[in-house]
Structure formats: structure tokens, C-alpha cells
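Examining the three-dimensional arrangement
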Amino acid sequence: MGFNSNIEWCDHTFNPWIGCTKISPACDNCYAEAMMDKRFKRVSWGAKQPRKRTSKRSWREPLKWDRAAAENGLRYRVFCASLADVFDNSVPADWQEDLWQLIRETPNLDWLLLTKRPQNIAKMLPDDWGHGYANVWLGTTVENQKEAERRIPVLCEIPCRLRFLSCEPLLSTLNLEPIGNALFDRSKAIREAMRGPALLSKDQADAEIAHPQIHWVIAGGESGQDSRSSHPSWFTSLRDQCRAAQVPFFFKQWGDWVPGEFTDHGEWAMNKVGKHRASKLLDGCLHQEFPVLEQGYGATQ
């Protein structure tokens, strides 16, 4: 899937800087902290610790990827800041402006900016953002219902080309339907359209179905020494919600834990087998769907 990335849903990863602060349950077993702080000692994690900017050579890599994409007539997906957060309060403003300039200079790359701090996005966007850069997708992590209800409405207020969710590690079941119309239930839209003009018209219902607030959902389990298991029904429920809303769903991985036998108590016995031995199948199927970008798709009206 990737060229220089082991992350299945992108082609490249680029880290403009390294370092972050834990702010929610998804951060408890942070792989970036374990690698960059505890193992390699490259940076110290925490709110009062300085972030470390990456090398000039690293910053030139996206320019190479952009030229290759143009030559091949393709678009490459770049996950930005897998070892940090673009919208971190502790990042110098001039570093962020340098990143926006790099994004402007690479129009053949789709930049995936994933954050646990959607409340910071609006104040950290560049002056020329307008309705969003054509090559930027904004996403937020939602590991449980509390964070979904807190973060998704904030993300949906930001004008952008495409919005996505990363439900990894998934730590609870999620119900996305009531949250800021994040995923729109097609059957509900049709029912309301048929009930009369006081509710949705048929055209309005079609518009809601065609342009949901969230355009892509990624889900996965946790890996690592202290990894937590994700119940199979959490993933299947999320998949079914996406299917009803016609939103692409990408099941990345089970993590370290996979379902074993179904117990007499009506629960799956979860077995810790390790990430590399765990299947990527959900209900026996591979779910690796991507958004299909069309003109106007994801645009804020």
C-alpha cells in the first residue's frame, strides 16, 4: 500500500517535527512516545517539553513525492505528523507556517492532517485557507463515545475538502448518527423526505446523502505491551453505520487482540496474538475503502 510508510491507508508519512503531549485515553500507550522518547531518546514528551524539528533533508522529501506524482499522473496520500500533532499548542507558529507553505508547493499530494486537538484547527489555519485547500484532508481521532461527541462537531465546523475520523485505538462502541449529522442514515433521509415539506425535501435528502459531514472512517485496534482489546461488535457497528451512510470504511487492523471462541455468556473471548499474527479481516472480509474524490466532494456549501 505505502511507499515509505507501514500505515496501510497512506502512501507516505512526513513528520515536520517530533514530540507531543498526552491528552486523552487514546494516548495512554502512545507508540510515538515509546519510540521517540523512551527508546531512541530523541525528544521528551509533555506540554513543557520542546518539540524537535526534523531535518532539511526530510522537508525536501515531499517535493520529490509531488514531482513523482505529477509524472505518474497520480495523487499520493501523505499522513502528516505520525510522531506529533500539527495542531499542538507547543509548536512554534513559524514552523506551522513553513508546513503550510510546503503543502502549497505540493499540489499533487493529498495531505492528511489528523489531530486530537480539533479545537485548535480554526486558529491555526493559514490566512488563505478560505473554504479549504484542495489537497488537504482534516481528520480527528475518536477512540470512544465521549471524544466522538466532543471532537466531531468541532471538526465539522471547519470548511475543508474532506473530513475523516481515525477510530484507532477503538476503545468503546460508537454511535455517530446523532453527532452533528456526522454520518447520514440513508433510510432516515428517505423517510423524512416522504413525510412532507416541513422536513427534508427529496432533493435535500439526496444532498445530505451525497455530502455527509464525515467522508471517511478508519478503524483499528491497539498494539503494544499494554494494549487494550477492542470488542468485535464495536467494529461491525461502525462499519454498518458507514455502510448505511454510504461513507467509505477502512478497517486497518485488529491490533494485538483477535476474537477467539464465542463464550456461553454471549461474549467473544479475546486472544492476544500480536499485531503481526492478527488478521486484517472483519467478518471474514477485507474492508479497505477509500474516498472517491469528485469535483465539489466534501466542499462546504
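The present account deals with the structure reproduced in this document.

Procedures and definitions
- Residues numbered from 1 in each chain as written.
- Predicted model: local features only at pLDDT ≥ 70, side-chain atom pairs only at ≥ 80, totals over all residues.
- Heavy atoms only, no water.
- Helix = DSSP H or I, 4+ residues; strand = E, 2+ residues; numbered from the N terminus.
- Buried < 20%, exposed > 50% of the residue type's maximum accessible area, 1.4 Å probe, protein only.
- Contact = heavy atoms within 4.5 Å.
- Areas by Shrake-Rupley, 256 points an atom, 1.4 Å probe, with all protein chains shown as cover.
- Salt bridge = Lys/Arg side-chain N within 4 Å of Asp/Glu carboxyl O.

**Section: the overall build of the protein chain**
Each helix and strand in the protein chain was counted, giving eight helices and 13 strands. The buried share of the protein chain, taken over its 301 residues, is 50%. In the protein chain, the proportion of contacts linking residues at least 24 apart, taken out of those at least 6 apart, comes to 76%. Just so you have it, the protein chain exposes about 14600 Å², and 50% of that area is on carbon and sulfur atoms.

**A look at the pattern of salt bridges**
Overall, the coordinates contain 17 salt bridges when judged by the stated rule. With a closest N to O distance of 2.7 Å, Arg 51 and Asp 88 form a salt bridge. Separated by 37 residues along the polypeptide, Arg 51 in the loop between α1 (31-39) and β3 (52-53) and Asp 88 in the loop between β4 (76-80) and α3 (93-104) bring together distant segments of the chain. Note on Arg 51: relative accessible area 6%, which makes it buried. One salt-bridge network, held together by shared partners, links Glu 143, Glu 147, Arg 150 and Arg 151.

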